[in-house]
Amino acid sequence: MKKTRNYTSLAVSLLFWLLLCAVVLTTAAEAKNLNVVTSTADMAALAQEVGGDKINVESIAKGYQDPHFVEAKPSFLLRLRHADLLVSVGLQLEIGWLPPLITQSGNPRIQVGAPGYLDASQFSEILEIPQGAVTRAEGDVHPLGNPHYWLDPENGRRIARGIANKLKDLDPGDAAYFQQRFQDFDRRLSAAEQKWDAEMRPYRGRKVVTYHRSFPNFTRHFGLDVIGYVEPRPGIPPTPGHTIELIQVIKRENCKVVLVEPYFDLKTPQSIGRETGAQVVVYLPSVGGEKQVTTYFELFDYDIGLLIKAFQSGH
Amino acid sequence: MRYVIRLAIAEVLFATSLFAQESTNPQAVPDQPDISALLQKISDLEDRIIAMEGQMRQLKDQQATAQPAPHSEVSAPALVAAPQQPIALGGAEGSAAKALNPDISVIGDFIGVAGHNPIQPSPSMQMHESEIGLQAILDPYARGDFFLSFGEDGVNLEEGYITFTSLPAGFVARAGKMRSAFGKVNTLHNHILSWVDRPLVTYNLVGGEDGINDAGFSIQRILPAPKGIFLEATGQLFRGDSADVFTASSKSDLSQVIHLRGYKDISESTNLDLGVSYARGHNDLGSNFLTQLYGIDATMRWKPLRRSIYHSFVLRSEFFWSQRQQLPLEQRAFGFYTSADYQLGRRWFLGGRFDRSDRNRLTNVTDQGGSLVVTYWPSEFSQVRGQYRFTRYANNIDAHELLMQVQFSLGAHGAHPF
Ligand SMILES: [Zn+2]
C-alpha cells in the first residue's frame, strides 16, 4: 500500500518534470521562430512566402479593411511588443494609426530606425510621386507617392527579396533557408506571371475606372488604361458633380468596367453602372479581401479572373 | 536620371533588334537565348535602379527622422561642431535641412455660442484655440511631441514631452508637460472630442478644459494578462499644479496619477475598454490640504471593418469622485457623464451626452444637463459641428445654448487617437 503510494508520487513528480520540460522546450522552440508583424495582409503573405515555418507572421489590418483607416487598437500592442520584425507599407499609408502603435509597443526592436523595422516601399517601384508643390486641394494625397504599390508582381518579387534579406540579417542561422524560400518564390512567381500576362494580353489597352487610386501598379503592369476615379479627389467621397462628369467620360471612352475596393460603399458605383452599362466589379487590393484569397498568388488569380469575366461579358 | 537609363536601355534594345533583324537575313539563325539574356539583364538593371531610388527615398526619410549613426561618434560635441560644417544655402542642401524639420500641424477651432447662460457665460464668437503640433522621431530611442495652444489671450504649452520608446523590459516613459492619464477625456485634446465643450463633470471636478495637465514624469507598461486581454498600468508624478484641482505651495507638494487600463476585443468590430484612475495632490488651501480623485471609465466601440469609414458607434461613461480637504469639512463630490456617438455615413455623426455632477467645493450643490450634437466632415481635415446644450444648474437656474464650431487642420496628417 505504502509502496504503491510511493510509486504514485514518483509517477506524479516525473509527469510534472516531463510537463515542465515540454513547456520549456515548446517555448524554446517558439522562441526560435522570428515573430513578424506586418501592417497589411499583403506584406504578411509575402513574408510568409519567404519565411516559411521559421517565422510566425500576423497582419494588423485585415485584407477587406481600408488600410488608410485602421484603428490603433491596444490589442495590436500585444502582438507588436513581442515582434522581432515589423514590416510596413510606408509612404504614409499607415500614418493615421501605425506611429502611435509603434510608440506604445514598448518594443525597442521595431522602432523606426531600429533593425526590426522594415519599410517595404524602399524596395518597390513607386508611381505617382508628386512633382512640385502638394496641397490638400488635391484631396488626401499621398505626398510621397502612391503607397498601393504591391499589386505589380515585379514589386511583389522585390518586396519578398527585401524581406528575405532582412530575415537573413535577423536570423543568420536560417539564412540559407530564407534564400532557398525566396528563390522558390521567385520561380513560382515568374511562372505565374507568364500565365497572368498571357491571360491579360488580349485585354491590353482596355479602359477601366477605379474608386480610389489603389491600382496604378496593377493597371500599368497589365496595360490597362485608368480613365477616371469615382472619388473626385483621393480620400474625398463622391460628389454629384464629379459623378455626372465621370459618367460622361465613361460613355465617351466606352469604358466597360468600374473597379471598387471591398471597403467602399457600392451605391455611387452602381448608379454609375446603371447609367453607363459599365460593370461594377468588387476588386481586391489585398490578400484576405475574400476568404478564399489567402496568398499573393491567389490575389492575382482572383482579380485577373474577375477582370477577364467582366471584359468578356462587356461584349 | 532613371529616364536617361531607360532611354539608354531602349536604344540598346532597338539597336540589337535592328542588328538581329539584319543578322537573321543572311544567316537565318535566330539568336533567341541572347535576347532573353539581355531582357534578364535589363530587368536586373531596372531592379537595381528601383532599389537605388528606394534607398534614396529612405535616406531622405532617415534624415528627416534623424538617424543617430552620424551623431553617435560625436555625440556630445555634435552641437559645437555643427557650425564647422560647410553651410550651403538653397538647392539640395536647403531641402535636406527642411527634411529635418518636425511634422508640423495647425488646428484651428472657431466657436460661436448663442443662448443665455448666467453661470458660465461664453462669448458670442471666439477663435477658441489654435493648436500647433510639432512632432518628430528624435532617434531610434525616443520621440518628441509639442502642442502649443494659442488662445485669444496668449500662448500655452498644452503639452511638450519626450517619449522614451526603447527602454528595457517593455517600459515606455515620458518626461515633460503632459495631459495626465486620469480617465479618458482628460487625455484628449479639444479637437479630438466629440463635443464642442467638455462634460460638466470635467468642469466641476477635474479641472475644466485644461484638466489635470502638469509637468512631470510618466511611466507605463503592458502587464501580463490572460490571452486576448490588454492590461496596462501607468504611473505619473507631477509638480502638483493643475488648474483649480491641485496647487503646489511647496516643492514637496507633488501630485500623482495612477491609471490601469483593460481592453478586450469582443469581436473584430466590437471592443470594450475599461479603466480605473486615481489622482492625489495638494489643493489651493496649502500643503496640509489634500485633494484625491477617483475615476472609472468605460468605453464600448463598434466599427464594422468592411465599412469602417461609414459606420461606427461609441458608448462612453466616466464616473468621478472627488475628496477635497477644506475647512470646515472635507467635501466629497460625485459626477459622471454618459455619451453615445453614432456615425451615420462617411461624413455625418450624431451624438448625445448626459451630464450630472456635484461641485468640488460645495458638494450639496448638483448641476445636470444634456447635449445633442451633429457633426459634419467635409473632408478629413475640416469639421463643422452644432451642439444644443441644456444645463440645469443648482437652484433651478436653466441655460439653453446653441454651440457652433468649425475646426480645420493644416499640415502634417496626425494620427487618430484610439
Ligand atoms: Zn490611398
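What you are looking at is a predicted structure, and each value in this text was computed from that prediction instead of being measured.

Asks: Give a detailed account of the overall build of chain A, specifying residues and quantitative values.
Replies: Broken down by element type, chain A carries ten helices and eight strands. Looking at the 315 residues of chain A, the share that counts as buried comes to 55%. The contacts of chain A with a sequence gap of at least 6 include a subset with a gap of at least 24, amounting to 64%. For chain A, the exposed surface amounts to about 13500 Å²; the carbon and sulfur share of it is 56%.

Asks: Could you give me a rundown of the overall build of chain B, with the residues and numbers involved?
Replies: Assigned secondary structure in chain B consists of six helices and 16 strands. Taking all 418 residues of chain B together, the buried fraction comes to 40%. For chain B, restricting intrachain contacts to residue pairs at least 6 apart in sequence, the fraction spanning at least 24 positions comes to 52%.

Asks: So, the coordination of the zinc ion: which residues are in play, and what are the values?
Replies: Coordination of the zinc ion by the protein comes from A:His68 (NE2), A:His142 (NE2), A:His148 (NE2) and A:His212 (NE2), over a distance range of 2.1 to 2.2 Å. Every donor counted, the four donor atoms about the zinc ion form angles of 95 to 132° at the centre, which fits tetrahedral coordination.

Asks: Kindly report on the packing of aromatic side chains, identifying the contributing residues and their values.
Replies: A full pass over the atoms with the stated rule returns 23 aromatic pairs over all chains. Geometrically, the ring pair formed by A:Tyr203 and A:Phe311 is stacked, given 5.3 Å between the ring centres and 20° between the ring planes. Of this pair, A:Tyr203 sits in the loop between helix H6 (175-200) and strand S5 (207-210) while A:Phe311 sits in helix H10 (residues 296-313), and the two are 108 residues apart along the sequence. Measuring from centroid to centroid gives 5.6 Å for B:Phe182 and B:Phe320, while their planes differ by 25°, and the two rings are stacked. Here the residue B:Phe182 occupies a position in the loop between strand S5 (171-179) and helix H6 (200-205), and B:Phe320 occupies one in strand S11 (residues 312-324), the gap between them amounting to 138 residues. The two residues B:Phe182 and B:Phe320 agree in class, both being buried. Clustering of aromatic rings is evident, with ring pairs tying together A:Phe185, A:Trp196, A:Phe215, A:Phe218, A:Phe222, A:Tyr283, A:Tyr296, A:Phe297 and A:Phe300.

Asks: So what about the nonpolar core? Which residues, and what values?
Replies: Of all hydrophobic cores here, the largest spans 58 residues; its most connected members are A:Val36, A:Tyr149, A:Ile163, A:Leu167, A:Phe218 and A:Leu307. Secondary structure elements with two or more residues in this core: strand S1 (34-38), helix H2 (41-51), strand S2 (55-59), strand S3 (85-88), helix H5 (153-170), H6, strand S7 (257-260) and H10 of chain A. The leading source of residues in this core is H10(A), at ten residues. Each of domain 1 (33-195) and domain 2 (197-313) of chain A contributes no fewer than three residues to this core. In contact with A:Val36, not counting residues within four places along its chain, are A:Ala47, A:Ile55, A:Asn56, A:Val57, A:Glu58, A:Leu85, A:Val87 and A:Leu167. If you look at the next biggest cluster of nonpolar residues, it comprises 22 residues, including B:Val185, B:Ile212, B:Phe246 and B:Val373.

Asks: Could you give an account of the sheet that holds S2(A), with specific residues and numbers?
Replies: Residue and element names in this part refer to chain A. The four strands are arranged S2-S1-S3-S4 in an open sheet whose pairing can be described as parallel. The open sheet has two free edges, formed respectively by S2 and strand S4 (117-119), since each of these has just one partner strand. Each neighbouring strand pair of the sheet contributes to a mean axis angle of 20°, computed without reference to strand direction. Alignment of S1 against S3, held across three bridges, turns out to be parallel. Bridged to Val36 within S3 is Leu85. Where H2 meets the sheet, its contacts fall on S1, S2 and S3, and the angle it forms with S2 comes to roughly 170°.

Asks: Tell me about the confidence of the model for chain A, and name the residues and values.
Replies: Regions with low pLDDT carry predicted coordinates that are not meant to be interpreted in detail. Residue and element names in this part refer to chain A. Of all residues in chain A, 90% have pLDDT values of 70 or greater, and the mean over the chain is 89. Mean pLDDT in chain A bottoms out at helix H1 (residues 2-32), which sits at 54, and peaks at S3, which reaches 97. This stretch, residues 24-29, has a pLDDT under 50; its non-local contacts, to residues over four places away or in other chains, come to zero contacts.

Asks: If you had to explain the interface of chain A and chain B to someone new, which residues and values would you point to?
Replies: It is common to give the size of an interface as the accessible area that goes away when the parts come together. Contacts between the two partners involve 50 residues from chain A, matched on the other side by 51 residues from chain B. In this assembly, chain A packs against chain B so that about 4500 Å² is buried in total across both faces, 53% of it on carbon and sulfur atoms. Our count for the contact surface shared by chain A and chain B stands at two salt bridges. Here A:Arg158 ties to B:Asp47 by a salt bridge, and the two come within 2.7 Å at their closest N and O atoms. Summed over the shared surface of chain A and chain B, the number is twelve residue pairs in polar contact (both at pLDDT 80 or more). If you list the elements that add at least two residues to the side of chain A that touches chain B, you get helix H3 (74-80), helix H4 (98-104) and H5 of chain A.

Asks: Which residues make up empty space enclosed by the protein, and what values do they have?
Replies: All names here are of chain B. All told, the structure shown has seven cavities of 30 Å³ or more when counted by the stated rule. Considering only enclosed or pocket space, the largest cavity measures out at about 80 Å³ in volume. Residue lining of the largest cavity: 15 residues in total, with Asp197, Leu200, Arg353, Arg389 and Thr391 positioned closest to the centre. At the level of secondary structure, the elements contributing two or more residues to the lining of the largest cavity comprise H6, strand S13 (348-358), strand S14 (366-379) and strand S15 (382-393). Among the elements that make up the lining of the largest cavity, the one with the highest residue count is S15 (four residues). Tallied by class, the residues present in the lining of the largest cavity amount to five nonpolar, five polar and five charged.

Asks: Outline a nonpolar patch on the surface, supporting the account with residue identities and numerical values.
Replies: Residue and element names in this part refer to chain B. A cluster of nonpolar side chains, Phe110, Met125, Val384, Met404, Val406, Phe408 and Leu410, forms an exposed patch at the surface whose accessible area comes to about 590 Å². Looking at the nonpolar patch, the element that brings in the most residues is strand S16 (residues 397-411), giving four residues. Along the chain, Met125 falls in strand S2 (residues 125-139).

Calculation rules
Residues numbered from 1 in each chain as written. Chains lettered and ligands numbered in written order. Predicted model: local features only at pLDDT ≥ 70, side-chain atom pairs only at ≥ 80, totals over all residues. Heavy atoms only, no water. Helix = DSSP H or I, 4+ residues; strand = E, 2+ residues; numbered from the N terminus. Buried < 20%, exposed > 50% of the residue type's maximum accessible area, 1.4 Å probe, protein only. Contact = heavy atoms within 4.5 Å. Areas by Shrake-Rupley, 256 points an atom, 1.4 Å probe, with all protein chains shown as cover. Donors = N, O, S within 2.8 Å, 3.2 Å for Na, K, Ca; no water. Tetrahedral: all angles 85-135°; square planar, octahedral: opposite > 155°, others 65-115°. Phe/Tyr/Trp six-rings, centres within 6.5 Å; stacked < 30°, edge-to-face > 60°. Core = buried A, V, L, I, M, F, W, Y, C linked by side-chain atoms within 4.5 Å. Domains from an automatic or database assignment. Pairing = 2+ DSSP bridges. Axes fitted to C-alpha atoms, helices over the stretch in contact; angles between N-to-C directions. pLDDT = per-residue confidence, 0-100. Buried area = accessible area lost by both parts, 1.4 Å probe. Salt bridge = Lys/Arg side-chain N within 4 Å of Asp/Glu carboxyl O. Polar contact = N/O pair within 3.5 Å; in protein donor to acceptor, adjacent residues only side chain to side chain. 1 Å grid on protein atoms, 1.4 Å probe; cavity = no way out; pocket = protein on both sides within 12 Å on 5 of 7 lines; lining within 4 Å. Points joined across faces, edges and corners; volume = space filled by probe spheres on them. Nonpolar A, V, L, I, M, F, W, Y, C, P; charged D, E, K, R; others polar. Patch = residues over 30% accessible without salt bridge, like charges linked within 9 Å, V, L, I, M, F, W, Y side chains within 5 Å.

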